[in-house]
Amino acid sequence: MLNTAVKAARKAGAIISRASSDLDRLTVRSKRKNDFVSEVDHAAEEVIIRALREAYPSHGFIAEESGDSSQGAEYVWIIDPLDGTTNFLHGFPQYCVSIALRHKGVLQQGVIFDPTRNELFTATRGAGAYLNDRRIRVSATDEVDGALFSTGFPFRELADFPAYLRGFERVMRVSAGVRRPGAAALDLAWVAAGRTDGFWESGLSAWDMAAGALLVREAGGIVSGYASGEDFLESGRIVAAAPKVHEALLGLVTQA
């Protein structure tokens, strides 16, 4: 199943890469405030679903552009064909393809492909996380002081922005810094690879987080929602970090 997902992600990545050289010709529409979709998103999603459906006709799908067709399926693919569409449309090279497989509610496979760097992140439950066939681990950071974090602004629901900024300020005051690259799936993959020490964001969808969350866990990190027992895939609120700084980061971003 992982190999099939990898092939699908690379096919989508090829579509995205070809389009990146001719951005002025793309048809773009706004789905809602600060949320855009292009013909590339649709084409990439179609090629992914086609490849997966041919291999696994009984599987269901939850995909950003085509919606939820997972009812009654034990195996469900969770797909973001182009995470970081706004970055892509501006030629800002921070975007990716994200594909995850969930079986009976448990994440089993994850693939994130960054076509601009030709970086392929993969994870299988219980078998570790990899970047281009090299095993990756979260950072060994054990203190927030000196740690580098990434985040995403609540760009859709700006009513949450004041509370977010208070958490952002608390993290900035005690850490080495915060980055906001603009593609949550890739942010999570970078936590898994140890490039950043943790990530938090709210207002996300399952396809933004599923593959990246599995990568972080298989790389030895901790992933949670904002509250105890919260399902981050349902709530859209996630904190993912190296084990020794997760609790501290969670406290900083959720403190009243």
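Every chain is numbered on its own, with residues counted from 1 as its sequence reads. Per-residue local features are limited, in this predicted model, to residues with pLDDT of at least 70; the limit for side-chain atom pairs, both in listing and counting, is 80 or more; totals at the level of whole chains, interfaces and linings are taken over all residues. Just so you know, side-chain values use all the structure's heavy atoms and leave hydrogens and water out.

Caption draft 1: Here's a closer look at the sheet that holds strand β11 (residues 148-151). Judged by pairing direction, the sheet is mixed, and its five strands sit side by side in the order β12-β11-β13-β15-β14 without closing on themselves. Here the strands that pair on one side only, and so sit at the sheet edges, are β12 (177-179) and β14 (222-224). With direction set aside, neighbouring strand axes in the sheet form an average angle of 15 degrees. Two residues form a contact once any of their heavy atoms are found within 4.5 Å. Note on geometry: axes are lines fitted to C-alpha atoms, helical ones only across the stretch in contact, with angles between N-to-C directions running from 0 to 180 degrees. Numbering of helices and strands starts at the N terminus; helices are DSSP runs of H or I of at least 4 residues and strands are runs of E of at least 2. Sitting on the sheet, helix α4 (residues 161-174) touches β11, β12 and β13 (198-201), and the angle it makes with β12 is about 130 degrees. On the sheet, helix α6 (residues 206-218) packs against β14 and β15 (238-241) and is oriented at approximately 145 degrees with respect to β14. DSSP-based pairing: two strands are paired if at least 2 bridges between them are found.

Caption draft 2: Looking closely at the sheet that holds strand β5 (residues 75-83). With respect to topology, eight strands assemble into an open sheet ordered β4-β3-β5-β6-β7-β8-β9-β10, the strand pairing being mixed. The open sheet terminates on both sides in strands that have one partner only, identified here as β4 (67-68) and β10 (134-136). Sheet topology places strand β7 (residues 106-114) next to strand β8 (residues 119-124); six bridges connect them, and they run antiparallel. Note on β8: the bridge partner recorded for Ile-112 is Phe-121. Helix α2 (residues 39-55) contacts β3 (60-63), β5 and β6 (96-103) of the sheet and is inclined by roughly 155 degrees relative to β5. Strands β3, β5, β6, β7, β8, β9 (128-131) and β10 of the sheet are contacted by α6, whose axis makes an angle of about 100 degrees with β7.

Caption draft 3: Spotlight on the nonpolar core. To qualify as a nonpolar core, a set must consist of buried Ala, Val, Leu, Ile, Met, Phe, Trp, Tyr and Cys residues joined through side-chain atoms within 4.5 Å. Buried, partly exposed and exposed residues are distinguished by accessible area as a fraction of the type maximum, computed with a 1.4 Å probe on protein chains only: under 20%, between the cut-offs, and over 50%, respectively. Ile-112, Phe-121, Trp-200 and Ile-238 are the most contacted members of the largest nonpolar core, which totals 55 residues. Of all hydrophobic cores here, the second largest spans 30 residues; its members include Ala-8, Ile-79, Tyr-95 and Val-97.

Caption draft 4: Layout of the pairing of β6. In terms of burial, β6 is largely enclosed, as eight of its eight residues are buried. Side-chain alternation along β6 places Cys-96, Ser-98, Ala-100 and Arg-102 on one buried face and Val-97, Ile-99, Leu-101 and His-103 on a second face that is also buried. Summarising the sheet, β5 and β6 pair through seven bridges and their orientation is antiparallel. Note that in β6 the partner of Ile-78 across the bridge is Ala-100. Inspection of the sheet shows β6 paired to β7 by seven bridges, in the antiparallel sense. Note that in β7 the partner of Arg-102 across the bridge is Leu-107. Between β6 and β7, which follow one another and run antiparallel, lie two residues, and Lys-104 among them has a positive phi close to 50 degrees.

Caption draft 5: Representation of unusual backbone geometry within the structure. For Lys-104, which is not a glycine, the phi torsion comes out positive at approximately 50 degrees. In this structure, Lys-104 sits in the loop between β6 and β7. For Lys-104, a relative accessible area of 58% gives the class exposed. Phi is positive for Asn-132, which is not a glycine, with a value near 50 degrees. Residue placement: Asn-132 occurs in the loop between β9 and β10.

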